[in-house]
Amino acid sequence: MEKETWELRLYVAGQTAKSVTALNNLQKYCERYLKGRYQLEVIDLLKNPQLAEGDQILAIPTLVRKVPSPIRRIIGDLSNQERVLVGLDIRPLESPEQ
């Protein structure tokens, strides 16, 4: 079975502490659990506020998983790894080494 590529969007508002933390945490989780099988798009709503409507963004930072279906959203700085993995339904291909 071919590995599906995950499509993730992180909505932020500039370089706030929460936005930077969310991006750093997300990159860490993706490299650890989805390495080589994800696409990450960061959308700055200060530059493109009209893009918030398409994914119904009400708070920032917000992570949206577009693919695989169903669409899932997580709001906040993504610092709680367990919440993020469960919220996105990420199941590692194999257990990562500690």
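Heads up: the structure comes first, above all this text.
One structure accompanies this document, and this report is about it. (Residues numbered from 1 in each chain as written. Predicted model: local features only at pLDDT ≥ 70, side-chain atom pairs only at ≥ 80, totals over all residues. Heavy atoms only, no water.)

Right, let's talk about the pattern of salt bridges for a bit. Tallying each qualifying case throughout the model produces 4 salt bridges. We note a salt bridge from arginine 9 to glutamate 41, for which the minimum N-O separation is 3.2 Å. Of this pair, arginine 9 sits in strand 1 (residues 6-12) while glutamate 41 sits in strand 2 (residues 38-44), and the two are 32 residues apart along the sequence. In this structure, aspartate 55 engages arginine 9 in a salt bridge whose closest nitrogen and oxygen atoms are separated by 3.0 Å. Separated by 46 residues along the polypeptide, aspartate 55 in the loop between strand 2 and strand 3 (62-67) and arginine 9 in strand 1 bring together distant segments of the chain. Here arginine 9 falls in the partly exposed class, since its relative accessible area comes to 25%. The structure contains a network of salt bridges with shared partners spanning Arg9, Glu41, Asp55 and Lys66. (Salt bridge = Lys/Arg side-chain N within 4 Å of Asp/Glu carboxyl O. Helix = DSSP H or I, 4+ residues; strand = E, 2+ residues; numbered from the N terminus. Buried < 20%, exposed > 50% of the residue type's maximum accessible area, 1.4 Å probe, protein only.)

A separate point is the nonpolar core. Counting residues in hydrophobic clusters, the biggest one holds 17 residues, and the most contacted among them are Leu8, Leu10, Leu26, Leu63, Leu78, Leu88 and Ile90. Breaking this core down by element, the ones donating at least two residues are strand 1, helix 1 (17-33) and helix 2 (81-88). Take this core: its biggest share by element is 5 residues, from helix 1. If you look at the next biggest cluster of nonpolar residues, it comprises 6 residues, including Ile43, Ala52, Ile57 and Val64. (Core = buried A, V, L, I, M, F, W, Y, C linked by side-chain atoms within 4.5 Å.)

This brings us to helix 2. When helix 2 is considered as a whole, its buried residues turn out to be Val84, Leu85 and Leu88. Down the axis of helix 2, the buried side of the element spans an arc of 95°, and every buried residue falls inside it. Exposed residues pointing more than 90 degrees away from the buried face of helix 2 are listed as Glu82 and Val86. In this fold, the buried residues of helix 2 make contact with strand 1, helix 1, strand 3 and strand 4 (72-75). Residue asparagine 80 occupies the N-cap position of helix 2, its side-chain oxygen lying 3.3 Å from the main-chain nitrogen of glutamate 82. Phi for aspartate 89, located one or two positions after helix 2, is positive at around 60°. (Arc of directions from axis to C-beta. Contact = heavy atoms within 4.5 Å. Polar contact = N/O pair within 3.5 Å; in protein donor to acceptor, adjacent residues only side chain to side chain.)

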